[in-house]
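Architecture and fold: a report
Here is how the chains run, residue by residue.
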Amino acid sequence: MKKIAILILLLAVLCTSCSFKQDEKSLKIGVSQCSDDAWRRTMNEEILREASFNTGVEVTIKTAYDSNQKQIRDIESFIAEKVDLIIVSPNEAVPLTPVIEKAMQEGIPVVLVDRKTSTSKYTAFVGADNFQIGKEVGVYTANLLNGKGNVVEIRGLKGSTPDMERHEGFISVIKNYPDIKIVYENDGGWLRSQAREKMTGALQKNPTIDLVFAHNDEMATGAHEAISVASGIKKPVILGIDALPGTEGGIQKVIKGTIDATFIYPTGGEKAVQTAIRILKKEPYDRENILFTAVVDNTNARVLKLQTDQIIQHQNRIGQLNTVLDQNLAQYSAQRILLYFSLVVLFVILMLLILLFRSYRHKNKVNRELEFTNIAINKQKEELSEQRDQLLALSKNLEDATQAKLVFFTNISHEFRTPLTLLHGPLESILQNEKLSADGSRLIQLMRKNVQVLMKLIDQIIEFRRYENGKMQMYFTLGNLKSFIGDICDSFVELSKRKHIQLKFSASNDDFTVWFDSDKMEKICYNLISNALKFTPENGHIKVHLSREIQNNEHFARFTISDSGPGISEQHIHQIFDRFYKADRHAAGSGIGLALTKVLVELHNGTIDVTSTEGKGTVFNFLIPFKQKDISISEEYPVFSNNFNWGEEIGLIDKENAAVEQVEISLNATEKPTILVVEDNADVRIYIKTLLKNDFEIIEAVNGQEGFLKAMKLVPELIISDVMMDLMDGFELCKNIKENISTSHIPVMLLTACAMDEQRAMGFESGADAYIPKPFNENLLKIRVRKIIENREKVKGYFQRNLTFGERKETVAEIDKSFIAKFRKVIENNLIDSDLNVDEIGKSLGLSRVQLYRKIKSLTNYAPNELVRIIRLKAAEQLFIHSEKTISEVAYETGFTSPSYFSKCFKEYFNENPTEYISRLKK
């Protein structure tokens with residue numbers, strides 16, 4: 001009810017406001033004056049006064065001040081403002097013609113006042129006949145001069161129609177009197193100052209002048225001023241045109257004797273407005289409105305002045321009355337609005353009272369109904385609340401069960417990788433190294449193939465888990481999708497033949513260079529094709545087709561696979577892409593293949609759908625765009641598989657080590673490098689030991705904690721560690737190894753069943769030098785181990801050749817550089833101490849004698865005592881170069897017990913004795 005009352009109030013106010021609107025539309029009239037002389041100011045007053053007698057007429061006056069360009073701009077502004085009518089007094093005829101025609105073309109009527117243009121395209125004209133006025137002046141002149149005399153004509157603005165027409169009218173009479181001669185004629189521009197200047201020039205050329213004809217009273221006044229200051233001349237008769245009232249008008253000048261006569265040139269302002277109103281109201285009007293003239297001289301000037309003064313007084317009185325009338329009308333309008341508003345308010349109040357009464361009655365009724373309804377709603381609310389709690393609990397249970405299932409599958413998949421390693425590795429070794437019968441080779445290959453199939457299933461589960469956690473990354477490459485899918489189909493040909501199924505691949509003759517993730521695309525095609533083979537009976541057929549289509553100006557690749565299997569019922573087809581859902585519960589599989597396929601297609605910004613007819617077969621379609629909007633630029637950690645390119649891997653390792661100087665390290669053939677294997681699975685430890693025992697000494701540890709203690713004690717050349725172990729996992733072991741001064745130089749290779757990208761990232765973040773997922777390839781493991789050991793030998797060569805610590809190289813770990821720098825600093829600080837031994841050095845560095853020996857030996861291939869001696873000899877060399885000390889002084893200052901022992905050691909290291917070295921320096 002309140003809303004209805006408000007609506008009524010708004011409608012009432014709207015109706016009232018509408019009633020106050022004027023019935024008559026406001027009319028806009030633009031006035032363009034060519035100049036600001038007295039004649040046009042009088043015209044403007046007449047226009048404004050006449051316009052005030054008409055309700056709703058707005059007048060805007062713009063003055064050009066004798067400028068054609070400004071008057072053109074003024075008229076164009078009126079056109080832009082879309083005024084209803086334009087009144088124009090043209091400055092010049094020809095320049096103003098185009099803009100007048102433009103206004104007419106825009107549908108705006110144009111009334112010309114006083115002057116015309118060079119075209120007949122105008123609505124109406126109001127003004128005197130300038131030609132007739134010129135004739136009247138000519139007749140008056142002839143009579144006044146009795147047909148004989150010298151005349152000066154001062155014309156108006158050159159090019160204006162009044163100037164031309166008045167001159168032509170004047171000449172048309174004067175030419176009939178041969179004794180009347182126009183001795184001087186010039187342009188006065190309608191201005192007093194110019195006329196004064198022109199008259200002065202005329203007097204200088206012709207001192208005998210009988211009459212001066214100026215085209216307006218202003219120029220006549222200028223001529224009078226010029227004659228007044230001239231001496232020795234007879235004052236001529238001065239004639240003007242306009243006869244304006246007022247103290248400065250032509251009538252007053254005749255009375256004062258400034259000019260002798262003037263001809264009335266009516267302004268026509270009132271007539272112009274009257275004609276404009278008739279045009280706008282579409283009433284009949286005269287197109288040509290000619291105003292008449294009369295002469296004003298000393299015979300009638302005073303009478304005319306009295307009349308014009310009375311007219312001006314009446315006009316002023318009318319203006320005052322108009323002002324009072326406007327005030328009264330405004331007051332009346334305000335009172336009328338107040339009255340209407342009061343009536344509306346009273347009406348609204350009455351309606352509100354009625355509505356309030358009805359609302360009160362209705363409210364009581366509704367309250368009773370609501371009371372009963374509320375009881376029912378509360379009861380339903382309780383029931384819905386119970387149902388909601390049950391649904392939430394059920395949903396949470398389902399989600400927990402799903403997550404538990406995914407976690408279980410993921411964990412069990414990781415666990416499968418370790419035994420698969422022990423299956424895959426030995427099978428590869430047997431195939432490569434053992435001589436088998438044809439049946440034995442076939443069985444081994446069958447076992448290897450099924451290991452690979454099992455690995456694919458495990459990878460699917462891990463991929464799906466990775467997607468669930470939002471950690472799946474796409475690595476798009478630009479490739480030929482047609483050849484890629486063709487190769488995948490070729491890999492299924494043998495299987496289809498064994499099952500007596502016809503597998504056919506076809507593609508349209510289009511370019512299929514597409515951005516796609518080859519690993520994900522392989523999984524998509526593998527799942528769809530293997531799914532079709534699984535459900536297609538013998539002697540059936542499977543068709544794979546690749547085509548290109550355009551949707552919304554974007555190119556897509558469409559992959560279609562159809563089979564002749566039993567089909568899928570409508571009951572199951574809508575759930576076919578749900579995870580863990582199987583339409584045939586007796587069929588093999590985990591129920592996540594199609595769910596993962598849908599996820600991988602969507603990660604390609606594509607779509608997948610399925611159609612099926614029971615008894616006829618099923619068709620799967622998926623579309624992916626040729627161009628991907630967001631292409632990952634992330635660098636994927638290397639994933640090693642059985643198809644790994646060994647040449648590329650070796651090249652990559654050599655490239656990584658290219659910054660290290662190539663040195664050949666001669667190792668003791670009887671001493672094998674030591675490798676520490678940290679693995680909680682005894683079978684994996686035995687397998688790795690079997691692979692590496694011919695070339696390396698193998699130390700074993702069953703967890704990270706034991707491995708770290710053995711690394712601290714034995715300082716091996718390399719550590720191979722599993723990741724998931726009790727007490728201390730592989731990541732923590734790697735971090736501790738790299739942060740400990742005695743073991744920081746030892747490279748660590750992580751070997752794990754956890755193949756997810758984030759696990760690799762954690763491994764490299766902890767400082768691992770290599771990362772190989774299970775199951776691993778035997779050759780790959782050996783190559784990686786060999787390359788890491790060779791890398792450590794190159795690091796030893798670096799330290800051997802850089803004991804003076806010149807430019808550092810980034811391939812050497814900073815912690816190892818820091819350790820050698822500290823070792824050197826201890827020696828230099830105790831250089832003169834010949835009793836300095838390994839125990840004291842180790843104590844200074846926080847290491848035991850054994851740890852120091854293994855650390856120095858591992859980094860430099862020198863024993864600590866040998867390295868101390870080399871540092872002393874390097875210091876001695878610097879003393880020989882930069883000082884004049886004797887051999888004995890240098891020997892004792894560098895910590896040698898005697899000069900003879902110093903000379904022996906110096907010759908062994910530099911291949912010349914100290915004496916020879918000093919002699920060579922002095923040359």
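Everything below is about the structure printed above this text.
For the structure given in this document, a descriptive report is provided here.

Here is what the cut-offs are and how they apply
- Residues numbered from 1 in each chain as written.
- Predicted model: local features only at pLDDT ≥ 70, side-chain atom pairs only at ≥ 80, totals over all residues.
- Heavy atoms only, no water.
- Pairing = 2+ DSSP bridges.
- Helix = DSSP H or I, 4+ residues; strand = E, 2+ residues; numbered from the N terminus.
- Axes fitted to C-alpha atoms, helices over the stretch in contact; angles between N-to-C directions.
- Contact = heavy atoms within 4.5 Å.
- Patch = residues over 30% accessible without salt bridge, like charges linked within 9 Å, V, L, I, M, F, W, Y side chains within 5 Å.
- Areas by Shrake-Rupley, 256 points an atom, 1.4 Å probe, with all protein chains shown as cover.
- Salt bridge = Lys/Arg side-chain N within 4 Å of Asp/Glu carboxyl O.
- Buried < 20%, exposed > 50% of the residue type's maximum accessible area, 1.4 Å probe, protein only.
- Expected span 1.5 Å × (residues − 1).
- Left-handed = near helix turned anticlockwise from the far one by under 90°.
- Nonpolar A, V, L, I, M, F, W, Y, C, P; charged D, E, K, R; others polar.
- Phe/Tyr/Trp six-rings, centres within 6.5 Å; stacked < 30°, edge-to-face > 60°.
- Lys NZ or Arg CZ within 6 Å of the ring centre and 35° of its normal.

**So, the sheet that holds strand 19 (residues 617-625)**
Taken together, five strands build an open sheet; the order of strands is 14-16-17-19-18 and the sheet is mixed. Across the chains shown, the open sheet's two edge strands, defined by having one partner strand only, are strand 14 (502-507) and strand 18 (607-613). Adjacent strand axes in the sheet meet at a mean angle of 15° when their direction is disregarded. Direction of pairing for strand 17 (residues 554-563) relative to strand 19: antiparallel, over a ladder of seven bridges. Across the sheet, R558 pairs through a bridge with L623, a residue of strand 19. Of the strands in this sheet, strand 14, strand 16 (541-551), strand 17 and strand 19 touch helix 13 (residues 481-491), which is tilted by about 175° from strand 14.

**Section: a nonpolar patch on the surface**
A cluster of nonpolar side chains, L339, Y340, L343, L346, I349, L352, L353 and L356, forms an exposed patch at the surface whose accessible area comes to about 750 Å². Inspection of the secondary structure puts L339 in helix 11 (residues 301-433).

**Looking at unusual backbone geometry**
Residue N146 is not a glycine yet carries a positive backbone phi of 55°. By the element assignment, N146 lies in the loop between helix 5 (130-145) and strand 6 (149-155). Of the residues examined, N146 reaches a relative accessible area of 69% and is grouped as exposed. Backbone geometry places N911, a non-glycine residue, at a positive phi of 65°. On the secondary structure map, N911 appears in the loop between helix 29 (899-910) and helix 30 (914-922). Given a relative accessible area of 66%, N911 falls into the exposed group.

**What to know about helix 8 (residues 217-229)**
The terminal C-alpha atoms of helix 8, which comprises 13 residues, lie 19 Å apart, in line with the 18 Å expected from a rise of 1.5 Å per residue. Restricting attention to buried positions, one finds in helix 8 the residues D217, M219, A220, T221, G222, A223, H224, A226 and I227. In this fold, the buried residues of helix 8 make contact with strand 6, helix 7 (192-205), strand 8 (211-214), strand 9 (237-242), helix 9 (250-256) and strand 10 (261-264).

**Observations regarding the packing of helix 15 (residues 518-535) against helix 17 (residues 593-603)**
Direction vectors running N to C along helix 15 and helix 17 enclose 140°, while the axes themselves pass 9 Å from each other. In this structure, helix 15 meets helix 17 at a crossing whose hand is left-handed. Between helix 15 and helix 17, the residues in contact are K520, K523, I524, N527, L528 and N531 and G593, L594, T597, L600 and V601, respectively. The residue makeup of the contact of helix 15 with helix 17, split by class, is five nonpolar, four polar and two charged.

**Details of the packing of aromatic side chains**
What the rule picks out here adds up to 12 aromatic pairs. With centroids separated by 4.8 Å and ring planes inclined at 20°, the aromatic side chains of F559 and F622 adopt a geometry described as stacked. Highlighted residues: F559 in strand 17 and F622 in strand 19, separated in sequence by 63 residues. The same class applies to F559 as to F622, namely buried. Where F906 meets F910, the ring centres are 4.5 Å apart and the plane angle is 35°; that geometry is what we call tilted. Of this pair, F906 and F910 both sit in helix 29, four residues apart, which is roughly one turn of that helix. For F906, a relative accessible area of 0% corresponds to the buried category. Grouped by ring-pair contacts, the aromatic residues F896, Y901, F902, F906, Y909 and F910 constitute a single cluster. A cation over an aromatic ring shows up here: K62 above the ring of F78, its NZ or CZ 4.8 Å from the ring centre.

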